[in-house]
Amino acid sequence: MLRARWALSQFWKVYSSIPFSSDSGSGWISTSGDISQETYKKTLNFYLNGKPVQVDSRNINPAEPLIDYIRNNANLKGTKLACGEGGCGACTVTISHYDHEKQAVTHRAVNSCLVPLCYVEGMDVTTVEGIGSVFDELHPVQERMAIWGGSQCGFCTPGFIMSMYTGLRNNPEPDSKSFQKCMDGNLCRCTGYRPIVDAAKSFCHDTKDTVKPPEDRAFKPYDAAKEKPFPEELKQKKIVPLQLTNESASWYAPTSLKDLLDIKAKIISGSTELGIDFRFKGTTFPVLISPVNVPELTDIHHDDNGLHIGSAVTLDNIGRYLEECAASLSPSQRHRERAIQSVLDQLHYFAGTQIRNVATIGGNIVNASPISDLNPVLLALGATFYTQKAGEKAKPVAASEYFTGYKKVKMEDQEILSHVTIPWNEEDEFVEAYKQGRRREDDIAIVTSAMLAKVQDEKIVKAKLGFGGLAPTSILSPKTEAFLIGKKLDLQTFNEAAAVLNREVGLRGENVPGGQAGYRTTLALSFFYKFFLSLLHHHSLPVPEKLGRSTEKAFPAETTRATQEYRLNKRGTSVGQSEPHLSAKKHTTGEARYVDDMPHQHRELQSALILADRGHAKILSLDKEAAMKVPGVVGIYTYRDVPGSNLWGDVISDEELFASKEVLHYGQMLGIVVAEHEIAAKEAAKLIKIEYEDLPGIYTIDDAIQADSFFPVTHGVTQKNVDEEMSKAPLTLEGQIYMGGQEQFYFETQTSLVVPDEEDMYVYTSTQNAHKTQKFVASTLGIPINQVVTRVGRVGGGFGGKETRNINFSAAAALAAYYTRRPVRVRLERNVDMQITGGRHPFKSSYKIGFDSSGKLLAADLQLYANGGMSHDLSVAVLDRALLFCDSSYNVPALRNKGRVARTNIPSHTAFRGFGGPQGYLTAEAYVEHVASFLKLRPEVVRERNLYNEGDLTYYNFPVTKSVRRSWDECKISSKFQDRLQEIEIYNSQNRHRKRGITLIPSKYGVAFNAMFLNQGSAMIHIYLDGTILVTHGGIEMGQGLNTKVAQVVANELGVHISHVRIKEMATDKIPNASPSAASMSTDIYGGAALDAARQLAERLRPYREKDSGATLGQLAVKAYFDRVSLSAQGFFKSEHEGYDIMTNKGKVWRYFTLGTACTEVEIDTLTGDHKVRRVDLVLDVGDPINPTIDIGQVEGAFMQGAGLVSIEELAWGDNQHPWIKQGGKLQTAGPGTYKIPSADDIPTEWNISLMPDTTDPKLETVAVQSSKAVGEPPLLLGMSVYFAIKEAVKAARREEGQEEYFQLNSPLTSERIRMACVDDLSRMAVGEGAEDIQTKGSF
Ligand SMILES: Cc1cc2nc3c(=O)[nH]c(=O)nc-3n(C[C@H](O)[C@H](O)[C@H](O)COP(=O)(O)OP(=O)(O)OC[C@H]3O[C@@H](n4cnc5c(N)ncnc54)[C@H](O)[C@@H]3O)c2cc1C
Ligand code: FES
Ligand code: FES
């Protein structure tokens, strides 16, 4: 059913008041035309989950993405909106259509956040609800995902399910490589992908090395015959022209080219570009026209002249056609395979499956992006583009003349692109294509290229070098091409030509749009080098053996292998067993409900935040008059309207809810607009006029040091007289390292729904901190805390980002609800969420180390700086934890550190898994690696020499257990570290541009909240008379499996199967003053509290059980009830550890250590900076797991977050390191398009995890619930081993260049940082002097 008519009519009023805009003009034509209107169908018809749907054209906004219809109109909430820009796959649905020509049904996975609703005319749309449900039956993909533990928070899960489902519909017996490829457009932030990959592999006929399902659970076979049939009605339906028009806009889908040309409108093909413009830029067009049903534009064929591709052919269809074409080439045509392969190579790493399934070649060409992957190939191959207008024939334009400027093409306003001809390469022409992005899969390019050369008699007679990413358009390099003609094919020619290319396309200076001038130039030269070597090889000319692998391109996707070793220690009815996550089934069917899935409330208002667009400025005025006039706007509230306190903050309330006089960071909240419809609220927010006076901004730690801008706290730990020990040390050295921040990238963005009810405010929110939300909502409104109830059912990932930084959004929504007395919903779009919420603190660490010639560490003097952002938030606590991790696992007898938090004009940085631990750990491992480099020793030698022994005290006086050395020794053996080290040395000596690195590295992670009072928790248990149990505890289930573990503990204690236990949402009216779910402590404190309550109940029932040992819990409960024994208990847990004062270094800070060692091997391509993690072995002490599968899931997820932190995840802010970002303090990387979390392709090719048995010391039982140690954060440190393995590989590359000395390598190791550290003649050519010591820019 469609949403209320009111909303729609108001929507159109707002919509039509927005000035229509167009982009460069290409493809955009005025609206008039002579078409046969009566033949056009006026309703949209499609099937949704097997049922017919008809939408009247008056109710259609042509730009509305399919997801809006699915979620808002069809009320199917399983499909999730996590980014809105096609970059995560959470919104994946299947669209199926009948191909009349092939007489077959085709299924495509698509991003419903981009695909327009109108696109699905005549198709069968399947959402996650359409394939299975908990109530009926799970589909086999849902079942296997649940069994294998493929979901944690569950927010990405429906998207994965639909990608797998689509893959199976197209090929019921897939091979593992192609089936894994189906998921290349899906991301997950929680799981580390391994269980998802293994669940997928269980469908593949060639499956090997899959981790078996936990407890060897049985699963049903996949039977394609049971799938729902494609609707017969749609099969029979002829495709007819479509016209959907309402009072403001139209959508046409003609079936003839003539009509398409006659109707003068903006072409919309796959909408993978336009959809983003609609959503994020608010671009609108009065008339849109879809070419997907025009035969001339969707035709693809080939003849002796080449390939002819209609502009509306999708990239997926091109790929498929080319593969078939390659397979059908006759022996005399074999050489054509090179042109085909170069296009296929670019398509392979072009976006993800969902994008390729709808994106068209025409859209890619006309969009004219300077980093288009296809355009350089089309340039190099000499393609011809055909443009056409009404009444005229198609006109050829050479590709080399088509791109005229940034996103500008040679095409008149009245023209469209009709088709493309790609000529075959001649027999003696050689072609290759290259691409390097921030991440291999589903990423746009940094530089992309294709090159063609023809060689006769060892002389180059033709050359075409196409590039993207070096200029405002895709370009050829005519000067270099001309230079090459007539030259001999040898390396001397390469050297000379590279110099010409460098002059011709090289980028210089720091202000080039997109930055990375030196890297992009180096990449262009490196691709040229790869091409030249391949050319030599192709012509059987000598290439030094060591360069054999230098021609290789991006690391190919490989089928992964994994093993897991742990001893099941089953205790009682449930503890120690791999119970599936309690919500696993609901995750996979989309039935798991998150805040934004809650039904639209009666009279609910939507909101838009008023956000500053300055980094640092005085607010001179704020005028809301025009905004208030937008139809549908109900209220606009700023600091002036706050009835209580406008100040908030977790530890210190030093932050304004709404900025009053001064903006302290880009994106700071100035107020909130509420309206009947989200579009009206957004439009009004844009119309608010704010006058500013800009002030100088401080963005980085170095800015802050220069300006002495710090929060007024200096913390530090001192063990022994460091100056004295340092002066006695035979050797000393000094150094520093910077570490970039990290975005939590929880899949569910910050969302709150506040519902006023009589005098109470009910706050439904996605938070890790229900208590603080309650507290600050109350203080904002000036009402008592007991009038606010926070309710948290489940959270779609938090990782620390929801510990404090969402409280303000709940408070803002509550304020609007307070005035309007209506429910108010706030949901941040991904780009806004990333821009304004802050993440992991960037750090700068300086060190002075004293040591002897054997590598024994004697003294360390450390200075740490954290970039805290604009307010305190949790920064001091984060800093404290960093200060307590500065030993990694090494005994440094004298250690002193000091830390300060820089006050800067960026959003307040906050908690993130590890909470300062990773920054302290990197500091420690950096100085250890520096010492090793100095002494020309392997870092492992220095590590082993200094490893703590059992009973040693850390510099903060905490005793270390034997597991440190034990995990080190076991990992060293099981990973075959020594043998592999030797193999790697041989490999490196034989390969010039492929280098491998291996590292063996320990970690120890102290577990407890540093703030002593937080180490407490409560839980409440009721037993009902049927023997079922209801538990409410103060923890938040955000994917970590907390509820499952608590249920296991309770089931065990009361002697029942886990199915008897239900866990209810956390609600502050049931559990008051709860500590946040953080610091890996939730199982300890809430499991402990639940255990306490369960024990009380067990004790009350004990007399009944003693009388009747065979009675069920229900029978015992009934007896107790009739005896008036309470069957409800409140449990409480507080940690008995001593607590610690960092300033005096007194007390015991942790409860225990979770420990482990990683052996990690990587390979890098020194020419591009690409890297691949080849193998990881982890040996951990996590105590006696309550649930080994959940714990291993935490290990894998944390490991990949740690790996991402130190490799591909990079944030770029508008600061002095990035002068090309014009707005100071603006986050450039605010979305999955530019910020890259690891994808499934980034997981280790081989991944072995072992949980050590018999680690439990007798004392653990008293401090850790069921002797199970915290596991949420600790393995993240082991993921950072990727940094050290890469650094070893980079060292090997630098040694080839005679660079033997230590070098500073900041984190993260992006492809840019790796490439530029692997200095060679090409990078020297690109950046000139100083290439050896170049420090890649970064926001620290
Ligand atoms: C998540 C994501 C990842 C991506 N990754 C990559 C990548 O790896 N490499 C890469 O190169 N690109 C990438 N892109 C960009 C995008 O996918 C391509 O540009 C795509 O090919 C556009 O095709 P479309 O059919 O979706 O175009 P649309 O969005 O429908 O249209 C784009 C523009 O082209 C115009 N247009 C389309 N067809 C015609 C025609 N026949 N005549 C005249 N004008 C026309 C439209 O009017 C519009 O202005 C990515 C995009 C997303 C969202
Ligand atoms: S929500 Fe559509 S791809 Fe992320
Ligand atoms: S389970 Fe994948 S994002 Fe949480």
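Quick caveat: nothing in here was measured; it's all calculated off a predicted structure.

Scanning the protein for helices and strands turns up 41 helices and 49 strands. Since a compact globule built from 1340 residues should have a radius of gyration of about 34 Å, the 31 Å found for the protein is in line with a globular shape. Put simply, the protein has 1340 residues, and 66% of those count as buried. Considering only contacts within the protein whose residues lie at least 6 apart along the sequence, 78% involve residues at least 24 apart. In the form shown here, the protein has an accessible surface area of approximately 45,400 Å², with 50% of it arising from carbon and sulfur atoms.

Here we come to the site of ligand 1. As a structural note, the neighbourhood of ligand 1 is formed by 35 residues, with Ile267, Ser269, Gly270, Thr272 and Thr360 the closest of them. The separation between a nitrogen atom of ligand 1 and a polar side-chain atom of aspartate 373 is 2.7 Å. Its free accessible area being 990 Å², ligand 1 has 95% of it covered by the protein chains. The set of elements that each furnish at least two residues to the shell around ligand 1 consists of β8 (266–267), α9 (274–281), α14 (361–367) and β16 (416–423).

Using the criterion set out here, one finds zero disulfides in the structure. This cysteine, cysteine 971, is not joined by any disulfide, and cysteine 1159 carries the nearest cysteine sulfur, 5.5 Å off. We classify cysteine 971 as buried; its relative accessible area is 0%.

The geometry of helix α29 (residues 917–935) relative to helix α30 (residues 939–946) is characterised by a closest axis approach of 8 Å and an angle of 115° between their N-to-C directions. By crossing handedness, the relation of α29 to α30 is classed as right-handed. For the pair α29 and α30, the contacting residues are Glu925, Val928, Glu929, Val931 and Ala932 in the first and Pro939, Val942 and Arg943 in the second. For the contact of α29 with α30, the residue count by class is five nonpolar, no polar and three charged.

This next bit is on the packing of aromatic side chains. Given two aromatic rings, one states the distance between the centres and the angle between the planes to describe the pair. Inspection of the entire model under this criterion finds 34 aromatic pairs. For the pair tyrosine 637 and tyrosine 819, a centre-to-centre distance of 5.1 Å together with 10° between the ring planes defines the contact as stacked. Of this pair, tyrosine 637 sits in strand β24 (residues 633–638) while tyrosine 819 sits in helix α26 (residues 807–820), placing them 182 residues apart in sequence. Judged by its relative accessible area of 37%, tyrosine 819 falls in the partly exposed class. One Lys or Arg, lysine 487, reaches over the ring of phenylalanine 483 and ends 4.0 Å from the middle of that ring. A cation over a ring is seen here: lysine 1287 above phenylalanine 1303, with NZ or CZ 4.7 Å from the ring centre.

Taken together, the five strands give an open sheet; going across it, the order is β30-β38-β37-β36-β31, and neighbouring strands pair in mixed fashion. A single partner strand is all that each edge strand has here, and the edge strands are β30 (710–719) and β31 (731–739). Strand-to-strand twist across the sheet, computed as the mean angle between neighbouring axes with direction ignored, equals 10°. As defined by bridge partners, β31 adjoins strand β36 (residues 843–851) across nine bridges and the pair is classed as antiparallel. Bridging across to β36, threonine 732 finds its partner in glycine 850. Along the sheet face, helix α28 (residues 875–883) touches β30, β36, β37 (857–869) and β38 (894–903) and points at about 155° away from the line of β38.

Moving on, we get to the environment of isoleucine 416. Looking at where isoleucine 416 falls in the secondary structure, it is placed in strand β16. Sequence separation of isoleucine 416 and glutamate 1297 is 881 residues, and the distance between their C-alpha atoms is 52 Å.

This part takes up the pairing of strand β28 (residues 669–675). Every other side chain in a regular strand lies on the same face of the sheet, so the side chains alternate between the two faces. Buried residues dominate β28, accounting for seven of its seven residues. Of the pairings in the sheet, the one linking strand β22 (residues 605–611) to β28 comprises six bridges and is antiparallel in character. Counterpart to serine 607 in the pairing with β28 is valine 674. Here five bridges tie β24 to β28, and the two strands are oriented antiparallel to one another. Looking across to β28, one finds that valine 633 is bridged to alanine 675.

Per the UniProt record, the feature "domain: FAD-binding PCMH-type" (unreviewed entry) sits at residues 244–427. Split by type, residues 244–427 is 35% helix and 23% strand. Its first and last C-alpha atoms lie 50 Å apart.

This part takes up the pattern of salt bridges. Enumeration over the complete set of coordinates arrives at 101 salt bridges. For lysine 546, the salt bridge identified is with glutamate 1296, shortest N-O distance 2.9 Å. Of this pair, lysine 546 sits in the loop between α19 (517–538) and β21 (561–565) while glutamate 1296 sits in helix α39 (residues 1281–1296), placing them 750 residues apart in sequence. Owing to a relative accessible area of 29%, glutamate 1296 belongs among the partly exposed residues under this scheme. Between arginine 1174 and glutamate 1161 there is a salt bridge whose closest N-O contact spans 2.7 Å. Of the two residues, arginine 1174 is situated in strand β48 (residues 1171–1181) and glutamate 1161 in strand β47 (residues 1152–1165); the sequence distance between them amounts to 13 residues. Owing to a relative accessible area of 7%, glutamate 1161 belongs among the buried residues under this scheme.

This part covers the UniProt feature "binding site: [2Fe-2S] cluster 2" (unreviewed entry) in the protein. On the UniProt side, "binding site: [2Fe-2S] cluster 2" (unreviewed entry) is annotated at positions that read Cys153, Cys156, Cys188 and Cys190 here. Spanning 38 residues, the named residues form one tight spatial group whose C-alpha atoms are at most 9.5 Å apart. Within the secondary structure, cysteine 153 sits in the loop between α3 (140–147) and α4 (157–170). Those residues in contact with cysteine 153 that sit more than four places away from it in its chain are Cys190, His587, Tyr594, Val795, Gly796, Gly797, Met1038 and Gly1039. Tracing the sequence through the fold places cysteine 190 in the loop between α5 (176–181) and α6 (194–201). On the basis of relative accessible area, cysteine 190 is assigned to the buried category, the value being 4%. Beyond its immediate stretch of four places on either side in the chain, cysteine 190 contacts Gln152, Cys153, Phe799, Gly1193 and Gly1197.

For the rest of this paragraph, the subject is the sheet that holds strand β18 (residues 445–456). If you walk across this open sheet you meet the four strands as β17-β18-β19-β20, and the pairing is antiparallel. Strand pairing shows two members of the sheet lacking a second neighbour, β17 (429–437) and β20 (475–476), which therefore form its edges. Alignment of β18 against strand β19 (residues 459–468), held across nine bridges, turns out to be antiparallel. Paired with methionine 451 across the strands is leucine 465, a residue of β19. Along the sheet, helix α12 (residues 337–348) contacts β17 and β18; its crossing angle with β17, the most-contacted strand, is approximately 5°. Sitting on the sheet, α19 touches β17, β18 and β19, and the angle it makes with β18 is about 30°.

With that settled, consider the environment of aspartate 1333. The residue aspartate 1333 is located in the segment after α41 (1321–1327) in this model. Residue classification places aspartate 1333 among the exposed residues on the basis of a relative accessible area of 60%. For the pair aspartate 1333 and glutamine 1304, spaced 29 residues apart in the sequence, the C-alpha separation amounts to 8.4 Å.

Here the focus is α6. Most of α6 sits inside the fold, with eight of its eight residues counted as buried. When we look at burial in α6, the residues that qualify are Arg194, Pro195, Ile196, Val197, Asp198, Ala199, Ala200 and Lys201. Elements in contact with the buried residues of α6: α3, α4, α5, β21, α36 (1188–1206) and β49 (1246–1251).

Here the focus is the packing of helix α18 (residues 491–505) against α19. Relative orientation of the contacting elements α18 and α19 amounts to 150°, with a least axis distance of 10 Å. It follows from the interaxial angle that α18 and α19 lie roughly antiparallel. Of the two elements, α18 crosses α19, and the hand of that crossing is right-handed. In contact with Leu491, Thr493, Phe494, Ala497, Ala498, Leu501, Asn502 and Val505 of α18, α19 contributes Thr521, Ala524, Leu525, Phe528, Tyr529, Phe532, Leu533 and Leu536. Residues belonging to the contact of α18 with α19 are distributed by class as follows: 13 nonpolar, three polar and no charged.

Cut-off values and rules
Residues numbered from 1 in each chain as written. Chains lettered and ligands numbered in written order. Predicted model: local features only at pLDDT ≥ 70, side-chain atom pairs only at ≥ 80, totals over all residues. Heavy atoms only, no water. Helix = DSSP H or I, 4+ residues; strand = E, 2+ residues; numbered from the N terminus. Rg over C-alpha atoms; globule rule 2.2 N^0.38 Å. Buried < 20%, exposed > 50% of the residue type's maximum accessible area, 1.4 Å probe, protein only. Contact = heavy atoms within 4.5 Å. Areas by Shrake-Rupley, 256 points an atom, 1.4 Å probe, with all protein chains shown as cover. Near = heavy atom within 4 Å. Polar contact = N/O pair within 3.5 Å; in protein donor to acceptor, adjacent residues only side chain to side chain. Disulfide = S-S within 2.5 Å. Axes fitted to C-alpha atoms, helices over the stretch in contact; angles between N-to-C directions. Left-handed = near helix turned anticlockwise from the far one by under 90°. Nonpolar A, V, L, I, M, F, W, Y, C, P; charged D, E, K, R; others polar. Phe/Tyr/Trp six-rings, centres within 6.5 Å; stacked < 30°, edge-to-face > 60°. Lys NZ or Arg CZ within 6 Å of the ring centre and 35° of its normal. Pairing = 2+ DSSP bridges. UniProt positions renumbered as here; feature names shortened; annotations may be inferred. Salt bridge = Lys/Arg side-chain N within 4 Å of Asp/Glu carboxyl O. Parallel < 35°, antiparallel > 145°, perpendicular 65-115°, else oblique.

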